[in-house]
Amino acid sequence: MTATLRGSIVSIDGPKTVQTTYGERELAEFTLRVGDRHTGAAAPYDEPISVAGLTTVTVWGKWTETAQYATEGMELLLTDPAEDTFQGETTYSTQKSSYVVLEPGFLVNVTDIRSWVQCPREYYLNKLSSIPLKYPVIKGTIVHEVFSDLLRGRSLAESIDDRVEEAGLELGLLGYETDEVKNEVRRNAASIEGWLSQGTLTGEDDWRSEYTLISPTFGLKGRADALRRGMPVELKTGKNTRREPRFHDKIQAACYGLMLEERGVPVNTGTLLYTKNTALERNEETGDLSPAKEFSMGRGLFEYVVRCRNHLAALEARGEIPTGYEADAKCEYCFSQDACMVVSGRLAQESKAGAIGTPVPEDEQAYFERFYNAIEEERRTVHTAYRKLWEQTATERAAEDRALIDLSYAGREPIEENRWRLTARNESGAVSKLRPGDVALASDGDPVTGHAELCRIEEVGDTVVVTTDEPVAFTRLDIYPSEISVDRMLEAVHDAILKGSTDRKDVLFGRRDPAFDGNHETYIDNNDAQNKAVNMGVTAQDCVLIHGPPGTGKTYTIARLVRALVDRGDRVLVSAFTNRAVDNLLEALRSQGFEDIVRIGTASGVRSDMQDLRLSRRGNPNQQAATLRDASVVAATTTSCGSRICKEESFDVALVDEASQLTEPATLAAINLADRFVLVGDHEQLPPVVRSENELQTSLFERLIETYPDASVLLDRQYRMPQRIQAFSSSEFYDGKLRPANGAVAAQSLADLGVSYATLPEQFRDQVVFIDPDGTRQGNANPIEADRIQSIVELYLDAGVEPADIGVIAPFRAQVAEISNRVDVTVDTVDRFQGSSKAVIIVSFVATGSLDGPLFEDYRRINVALTRAKKSLVLVGDEDALRSDPFYDRMCTWATR
DNA sequence: GTTGTGGGAACAAAA
């Protein structure tokens with residue numbers, strides 16, 4: 001147990017030089033505010049020191065550099081501080097065993113520390129563009145996987161065959177053949193195998209591969225390639241014939257060493273495996289044939305790592321862009337020099353390497369900066385979610401539905417691709433936000449200090465089933481907050497501004513109206529707006545915005561448009577935020593007889609009836625690559641559009657559905673890949689999902705439809721709701737322009753299902769009904785309201801409505817659970833109901849007393865709820881509470897007419 | 001104070 005002191009910085013004094021009994025020494029003083037729950041929460045295995053009010057912390061020696069980049073308001077953590085009493089007050093200072101950590105809540109990846117040590121500017125450039133599709137990278141990944149397989153006892157030949165085949169698509173896109181790759185991997189792997197077998201002979205080695213480490217104290221996370229006798233081992237596919245490992249390679253291993261020590265295991269040795277070091281590459285100085293280089297690591301290296309991390313975290317907290325001057329990088333040898341200079345040149349940034357080219361216009365620079373900051377703000381909210389892994393107790397996390405705890409581990413079985421399927425029982429029957437297909441953290445009870453493995457969920461009911469690379473006897477499953485969408489957004493903004501054409505940017509920045517050119521034809525003969533939408537899509541030179549309110553047949557229209565574009569010879573990218581929306585669109589396309597589609601996505605993300613279109617990464621390189629390249633339609637989520645596989649592709653048109661639910665950068669990820677784009681959405685329905693409050697909340701769809709109304713078309717005829725139901729939505733959200741497509745739609749009722757209104761109580765004989773059950777909100781649920789909903793569902797069932805035709809919508813998951821326990825029909829949140837509909841919809845408002853809360857404040861959410869019903873709509877809520885808000889007041893008036 | 005989807009992370013090169 002190590003004591004820690006943690007607080008927010010109130011003031012900073014120093015660094016300064018003072019005379020001590022040991023001679024001249026540097027010190028800096030921080031005044032900290034300690035003890036507040038937010039800044040004072042320490043890791044559970046540490047002993048937090050609590051101090052009321054302000055306290056002084058003195059840091060000595062090299063820790064004083066912290067004072068140079070720290071600012072007031074940042075958080076500071078001191079481990080194992082020396083306690084002193086000075087003028088009656090307790091003060092703290094660093095001693096030999098202390099670490100000073102700045103902004104411990106900002107989680108830095110170990111690989112980011114590594115690149116920061118190479119050059120801070122390199123770290124920044126890596127954030128702007130992920131590792132591209134390049135052969136050395138793909139080969140490196142394969143060698144890593146083979147290494148892991150060897151540690152798990154798999155045979156070399158089998159592993160190489162399997163792992164190379166697994167990378168088929170990427171290798172194919174790079175123009176590589178399986179055999180040449182296998183040979184090269186074999187050469188790398190042979191040296192590892194030889195070295196490994198030496199260890200096995202002595203029988204002393206105890207191996208663990210792919211070890212996930214999270215550090216609450218140092219604000220670090222990462223996955224070590226392997227541990228050998230508890231010491232970190234890192235694999236490098238390159239060559240290093242010098243005596244010493246490369247410095248930044250050592251740093252990477254030292255990060256893992258530091259995190260292992262934090263868990264109470266002393267670490268003094270690191271190993272780097274340079275797999276190109278074969279007998280042919282004998283070290284000239286030492287004659288060494290081994291690919292392995294051991295080095296000793298200790299306090300000095302660990303402190304250096306922590307100082308680098310502090311510097312990085314401070315710069316991020318201040319929102320500054322690295323210049324390269326922060327460290328002593330040497331630009332003349334740097335492979336990234338050109339990229340670095342281009343970015344500095346185009347964005348008018350200061351950089352050690354210098355700049356080339358002319359800056360992009362000022363409004364583009366400002367745009368880049370605004371979105372960069374907004375995305376980084378979003379990143380910090382991901383970090384906050386991550387931090388809750390250790391700041392909250394298991395019980396607290398379970399109570400907030402962020403984890404399933406107290407599971408009983410039930411066993412494991414090996415499955416394909418060298419993975420494991422693990423099973424546990426959820427005897428308490430607790431529910432959580434975790435859903436099948438999610439990536440989660442499976443642990444032995446503590447995801448931070450215990451053994452944890454990243455997993456993918458297959459099943460979460462009474463039985464919990466996950467798949468992992470390494471087995472773990474798991475008893476707990478936690479939500480895993482991933483930065484991937486944040487990373488992809490940043491990259492998309494970078495690509496749009498720095499690599500985008502002037503034509504495209506003119507439109508994005510409101511400098512030129514979108515152009516249309518070509519002859520009009522009839523594609524859809526019974527709906528003018530839909531036909532106009534297809535025509536605009538076909539004749540667009542830049543972009544089209546298709547506004548599709550509920551039930552207006554937008555999916556059908558899009559599918560027709562895609563076919564028209566392909567008929568003309570265009571290659572089309574079809575995208576949306578969710579897998580569900582992408583698959584819906586493909587369903588419409590296929591129902592129109594179109595099959596020339598490749599679906600990109602994970603096996604668990606793609607709907608089962610679209611799996612036949614899914615392109616596996618595994619397989620023959622040429623074949624997989626040709627399948628992708630020859631497809632005239634490629635479909636993927638916007639996040640997948642930012643993957644390195646999709647980024648290699650180019651399209652004539654990108655068509656993005658549900659575009660109003662996408663942040664602007666996420667939309668860019670898709671449209672960056674095409675010459676022209678079509679956005680389809682409805683900004684009167686749910687907006688993008690973001691945690692931070694900034695420009696990410698407005699979709700590109702919404703911004704452009706306001707800038708270029710002439711490039712938009714409103715699908716104004718809806719096929720879903722009768723006149724009575726659609727009236728409120730039409731007048732409140734669509735200026736009264738939304739109308740039923742025809743008389744039959746307008747007049748539809750339960751009678752169409754063979755249900756007689758006469759069998760329902762008088763009150764329910766209207767298509768819109770309002771019921772006030774006099775319930776009380778308890779937390780996010782309302783049990784009395786739930787009881788009433790149960791009886792209403794039974795009324796409709798008794799009248800002859802099929803269970804599959806009834807849906808219940810509630811604003812909160814707690815109420816969804818409450819109602820689900822009572823009825824046997826679909827019950828879900830508004831957010832999850834968007835895109836679907838039911839004959840009978842019952843809406844539970846939950847709120848009583850007042851309508852406080854963002855869920856009720858966003859009227860678009862209600863628009864979604866009210867427009868899901870095809871025949872009958874029942875609103876259940878506290879009329880007094882609802883009438884306290886003018887919008888809900890109008891809703892009640894409409895419903896109680 | 002609340003809703004929600006993505007997809008794990010780390011993969012290379014060298015004066």
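Sequence order as written defines the numbering, with residues in each chain counted from 1. Chains and ligands are labelled by the order in which they are written, letters from A for the one and numbers from 1 for the other. In keeping with the predicted nature of the model, local features appear solely for residues at pLDDT of at least 70, side-chain atom pairs appear and are counted solely at 80 or more, and the whole-chain, interface and lining totals rest on all residues. The basis for every side-chain value is the complete set of heavy atoms in the structure, and neither hydrogens nor water enter the calculation.

Chain A appears in an unreviewed UniProt entry as DNA helicase from Natronocalculus amylovorans. UniProt positions are given in the numbering used here, feature names are shortened, and annotations may be inferred rather than shown by experiment. Comment text from UniProt for chain A, heading Cofactor (unreviewed entry), reads "[4Fe-4S] cluster". UniProt's Sequence similarities (unreviewed entry) comment on chain A is quoted here verbatim: "Belongs to the DNA2/NAM7 helicase family."

Visitor: I'm lost on the overall build of chain A in this one. Help?
Guide: Scanning chain A from terminus to terminus reveals 32 helices and 35 strands. Counting only C-alpha atoms and orienting by the principal axes, one finds that chain A spans roughly 95 × 70 × 60 Å. Here the term buried applies to any residue with accessible area under 20% of the maximum for its type, exposed to any over 50%, and partly exposed to those in between, with areas from a 1.4 Å probe on protein chains only. The buried share of chain A, reckoned over its 897 residues, is 56%. Whether two residues are in contact is decided by their heavy atoms: any pair within 4.5 Å suffices. Of all intrachain contacts in chain A linking residues separated by at least 6 positions in sequence, the fraction that spans at least 24 positions is 71%. Put simply, chain A shows about 36700 Å² of open surface, and 46% of that area lies on carbon and sulfur atoms. The sign given to each residue is positive for Lys and Arg and negative for Asp and Glu; His and the chain ends receive no count. Every charge is mapped onto a representative atom, which is NZ of Lys, CZ of Arg, CG of Asp or CD of Glu. Computed over 100 positive and 140 negative side-chain charges, the separation of the two mean positions in chain A equals 3 Å. Helix and strand definitions follow DSSP, with helices as H or I runs of at least four residues and strands as E runs of at least two, each counted in order from the N terminus. Computed with the Shrake-Rupley method and a 1.4 Å probe, the accessible areas treat only the protein chains shown as cover for residues.

Visitor: Whenever I open this one, the environment of tyrosine 757 confuses me. Can you help?
Guide: Mapped onto the elements, tyrosine 757 comes out in the loop between α25 (743-747) and β31 (768-771). A relative accessible area of 17% means that tyrosine 757 is categorised as buried. Not counting residues up to four positions away in its chain, the partners in contact with tyrosine 757 are Ser749, Leu750, Ala751, Phe764, Arg765, Asp766, Gln767, Lys871 and Ser872.

Visitor: Teacher, can you tell me more about unusual backbone geometry here?
Guide: Trans is the prevailing form of peptide bonds, just as negative phi is the prevailing case for residues other than glycine. Even without being glycine, aspartate 80 reaches a positive phi, approximately 45 degrees. Following the sequence through the fold, aspartate 80 ends up in the loop between β5 (75-79) and β6 (82-86). The class for aspartate 80 is partly exposed, based on a relative accessible area of 26%.

Visitor: In this structure, what is going on with the nonpolar core? I would like to understand it.
Guide: The nonpolar side chains of a soluble globular protein tend to be buried, and buried together. Among buried residues, those of type Ala, Val, Leu, Ile, Met, Phe, Trp, Tyr and Cys that are joined through side-chain atoms within 4.5 Å constitute a nonpolar core. The biggest cluster of nonpolar side chains holds 91 residues, and the ones touching the most others in it are Ile142, Ile497, Leu628, Ile671 and Leu679. Each residue touching leucine 628, except ones within four places of it in the same chain, is listed here: Leu169, Leu173, Arg571, Val598, Ile600, Leu615, Val634, Ile645 and Glu649. The next biggest cluster of nonpolar side chains, apart from the first, holds 59 residues, and it includes Val100, Phe106, Tyr123 and Leu227.

Visitor: What is the right way to read the sheet that holds strand β19 (residues 452-460) from this model?
Guide: Pairing between sheet strands relies on hydrogen bonds along the backbone, with the strands arranged either parallel or antiparallel. At least two DSSP bridges between two strands are required for those strands to pair. With respect to topology, seven strands assemble into an open sheet ordered β15-β21-β18-β19-β20-β17-β16, the strand pairing being antiparallel. Looking along the sheet, the strands with just one partner apiece sit at the ends: β15 (403-404) and β16 (408-415).

Visitor: Got a minute to help me understand the protein's contact with DNA strand B in this structure?
Guide: To be near a molecule or strand, a residue needs just one of its heavy atoms within 4 Å of it. Surveying the vicinity of DNA strand B reveals 52 residues, the closest of which are Arg223, Gly238, Asn579, Val689 and Thr829. Sugar and phosphate atoms represent 62% of those atoms of DNA strand B found within 4 Å of the protein. Within the backbone of valine 689, one N or O atom sits 3.3 Å away from a base nitrogen of DNA strand B. A per-element tally of the surface near DNA strand B places helix α5 (residues 135-151) first, with five residues. The class makeup of the residues in the surface near DNA strand B is 17 nonpolar, 20 polar and 15 charged. Polar contacts, as counted here, are pairs of nitrogen or oxygen atoms within 3.5 Å of one another; within protein the pair requires one atom able to donate a hydrogen and one able to accept it, and residues that are adjacent in sequence qualify only if both atoms are side-chain atoms. Polarity classes work like this: nonpolar for Ala, Val, Leu, Ile, Met, Phe, Trp, Tyr, Cys and Pro, charged for Asp, Glu, Lys and Arg, and polar for all others, with Gly in that last group.

Visitor: Looking at this structure, how should I read the packing of aromatic side chains?
Guide: Between two aromatic rings, the relevant description is the distance of the centres plus the angle of the planes. Pairing of aromatic side chains requires ring centres within 6.5 Å, counting the rings of Phe and Tyr and the six-membered ring of Trp. Pairs whose planes differ by under 30 degrees are stacked, by over 60 edge-to-face, and all others tilted. Scanning the model with the defined rule gives 20 aromatic pairs in all. Taking the centre distance of 5.9 Å and the plane angle of 55 degrees together, the rings of tyrosine 124 and tyrosine 372 count as tilted. Separated by 248 residues along the polypeptide, tyrosine 124 in helix α4 (residues 120-128) and tyrosine 372 in helix α12 (residues 362-391) bring together distant segments of the chain. Using a relative accessible area of 5% as the deciding quantity, one classes tyrosine 372 as buried. Look at phenylalanine 887 and tyrosine 888: their rings are 5.2 Å apart centre to centre, the planes differ by 85 degrees, and that puts the pair in the edge-to-face class. The exposure class of tyrosine 888 is buried, given its relative accessible area of 0%. Clustering of aromatic rings is evident, with ring pairs tying together Phe728, Phe733, Tyr734, Phe845, Tyr859, Phe887, Tyr888 and Trp894. Charge over a ring is defined by NZ of Lys or CZ of Arg lying within 6 Å of the ring centre and within 35 degrees of the ring normal. Sitting above the plane of the tyrosine 99 ring, arginine 299 keeps its charged end 4.2 Å from the centroid. Between the NZ or CZ atom of arginine 412 and the centre of the ring of tryptophan 420, over which it lies, the distance is 4.6 Å.

Visitor: How should I be thinking about the side chain of arginine 121 in this particular structure?
Guide: Tracing the backbone through its elements, the reader meets arginine 121 in helix α4. Of the side chains with opposite charge, glutamate 326 lies nearest to the buried arginine 121, which makes no salt bridge, at 7.6 Å. Only 2.8 Å separates the side chain of arginine 121 from the side chain of glutamine 349, close enough to count as a polar contact. Note on definitions: salt bridges are taken to be side-chain nitrogens of Lys or Arg within 4 Å of carboxyl oxygens of Asp or Glu.

Visitor: Could you clarify how one ought to interpret the side chain of glutamine 748 in this entry?
Guide: Relative to the assigned elements, glutamine 748 resides in the loop between α25 and β31. By relative accessible area, glutamine 748 is classed as buried at 8%. Of note is the side chain of glutamine 748, whose polar atom sits 2.7 Å from the backbone oxygen of arginine 720.

Visitor: What is the right way to read the sheet that holds strand β22 (residues 543-547) from this model?
Guide: Here we have seven strands laid out as an open sheet, ordered β24-β25-β23-β26-β27-β22-β28, and parallel in their pairing. The sheet terminates laterally at β24 (597-599) and β28 (712-714), the two strands that pair on one side only. Taken pair by pair, the neighbouring strands of this sheet meet at an average axis angle of 20 degrees, ignoring direction. Here three bridges tie β22 to β28, and the two strands are oriented parallel to one another. When the sheet's bridge partners are listed, leucine 545 is paired in β28 with serine 712. Here an angle of 0 to 180 degrees is reported between the N-to-C directions of two axes, which are lines fitted to C-alpha atoms, with helices fitted over the stretch in contact.

Visitor: Would you mind showing me how to read the environment of valine 656 here?
Guide: Note on placement: valine 656 falls in strand β26 (residues 651-656). Between the C-alpha atoms of valine 656 and serine 643, which are 13 residues apart in sequence, the distance is 16 Å. When neighbours within four sequence positions are excluded, valine 656 is seen to be in contact with Ser575, Ala576, Thr638, Leu662, Ala670, Ile671, Val678, Leu679 and Val680.

Visitor: Honestly, helix α9 (residues 247-262) in this entry has me stumped. Any pointers?
Guide: Each turn of an α-helix holds 3.6 residues, which means side chains three or four residues apart point in the same direction. An expected span of 1.5 Å times one less than the residue number is assigned to each helix. Look at α9: 22 Å from first C-alpha to last across 16 residues, which is about the 22 Å you get at 1.5 Å a residue. The buried fraction of α9 amounts to 14 of the 16 residues, a majority that puts the element mostly inside the structure. Phi turns positive, to about 90 degrees, at glycine 264, one or two residues after α9.

Visitor: Just checking my understanding: could you explain the pattern of salt bridges for this structure?
Guide: Applying the stated criterion across every chain, the model contains 68 salt bridges. Between glutamate 483 and lysine 221 there is a salt bridge, and its shortest N-O distance comes to 3.2 Å. Note that glutamate 483 is positioned in the loop between β21 (476-479) and α14 (484-499) and lysine 221 in strand β11 (residues 220-228), a separation of 262 residues in sequence. The burial state of glutamate 483 is the same as that of lysine 221; both residues are buried.

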